[in-house]
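# Coordinates in review
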Amino acid sequence: MGLFSKKKKTVKNENGFINIEVKELIHWDEPNGEGCIVSDKITKDGYKVGYMVRETPDSERPDSGWRFMAGNEDDEYMNNIANHHVFAINTICNYDPDIIPYLTSDINSAFIRVDSHNFELDDGSKPIFVEKQ
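In this text, all values refer to a predicted model and were calculated from it rather than measured experimentally. (Residues numbered from 1 in each chain as written. Predicted model: local features only at pLDDT ≥ 70, side-chain atom pairs only at ≥ 80, totals over all residues. Heavy atoms only, no water.)

### A closer look at the overall build of the protein
Worth spelling out the cut-off: In this text, helices come from DSSP runs of H or I with a minimum length of four residues, and strands from runs of E with a minimum of two, each type numbered from the N-terminal end. Atoms counted for the radius of gyration: C-alpha only. Globule rule: 2.2 Å times residue count to the power 0.38. We call a residue buried when its accessible area falls under 20% of the maximum for its residue type, exposed when it is over 50%, and partly exposed in between, using a 1.4 Å probe and counting protein chains only. Note on definitions: a residue-residue contact is assigned when non-hydrogen atoms from the two residues lie within 4.5 Å. The Shrake-Rupley method, run with a 1.4 Å probe sphere, supplies the accessible areas, and residue values consider only the shown protein chains as cover.
Scanning the protein from terminus to terminus reveals three helices and six strands. Each helix (α) and strand (β) of the protein, taken in turn from the N terminus, gives the series β-α-β-β-α-β-α-β-β. The C-alpha atoms of the protein give 15 Å as radius of gyration, which agrees with the globular expectation for 133 residues (14 Å, within 12%). Reported as C-alpha extents along the three principal axes, the dimensions of the protein are approximately 60 × 35 × 30 Å. Looking at the protein as a whole, 41% of its 133 residues qualify as buried. Partitioning the intrachain contacts of the protein with sequence separation of at least 6 by distance along the chain shows that 66% fall at a separation of at least 24. A total of about 8400 Å² of accessible surface is found on the protein, and carbon and sulfur atoms cover 50% of it.

### Section: unusual backbone geometry
Within the chain, Asn-108 stands out as a residue other than glycine whose phi angle is a positive 80°. By relative accessible area, which is 65% here, Asn-108 ends up exposed.

### Some points on the state of the cysteines
Test applied: Disulfide: a pair of cysteine sulfur atoms within 2.5 Å of each other.
This structure, assessed with the given rule, holds zero disulfides. The thiol of Cys-36 is unpaired, and the distance to the nearest cysteine sulfur, on Cys-93, comes to 8.1 Å. Residue class for Cys-36 comes out buried when judged on its relative accessible area of 1%. Note on Cys-93: relative accessible area 0%, which makes it buried.

### Thoughts on the pairing of strand β3 (residues 63-69)
The side chains of a regular strand alternate, first on one face of the sheet and then on the other. Using the following cut-off: Should DSSP find at least two bridges between two strands, the strands are regarded as paired.
Summarising burial for β3: seven of the seven residues are buried, a large majority. Burial along β3 is two-sided: Asp-63, Gly-65, Arg-67 and Met-69 facing one way and Ser-64, Trp-66 and Phe-68 facing the other are all buried. Bridge count between strand β1 (residues 35-39) and β3: three bridges; the pairing is parallel. Bridged to Val-38 within β3 is Phe-68. Judged from the four bridges that link them, strand β2 (residues 51-54) and β3 form a sheet pairing that is antiparallel. Bridge assignment links Tyr-51 to a residue of β3, and that residue is Met-69.

### Digging into the nonpolar core
Rule in force here: The term nonpolar core refers to a set of buried residues drawn from Ala, Val, Leu, Ile, Met, Phe, Trp, Tyr and Cys, joined through side-chain atoms within 4.5 Å.
Counting residues in each nonpolar core, the largest one holds 22 residues, and the members touching the most others are Met-52, Trp-66, Phe-68, Ile-92, Ile-99 and Leu-103. Those elements that provide at least two residues to this core are β1, β3 and α3 (89-95). Ranked by the residues each element gives to this core, the list is headed by α3, at four residues.

The values reported here are purely geometric and, on their own, carry no functional implication.
Structure below.
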């Protein structure tokens, strides 16, 4: 008798985003707001965050400066603004809680995923570990 694991079915909302239960995992109290830009590879395709960078926040918007990508986006994908959306950082923490320890990093910090649960500062010497949730 063999053992079978059932694959969890991904449920998406009417806009194509993966439905997740959003719990308060962090309390963001930085002055410019908690918005972040996120690749649809994470919120629609189910990849973990593979690359994260904190840019200077846009002072005209509630922007934390954080940008999150899966790490497998090519230039064509990145250049299409329809492939990126603004979310609250806490929401993205619920998609991928592995990012939480890095969120207080300085502006101009960039990190790559190096294994299933860890990131390192991106010095350009290692490939991004790309993995689905």
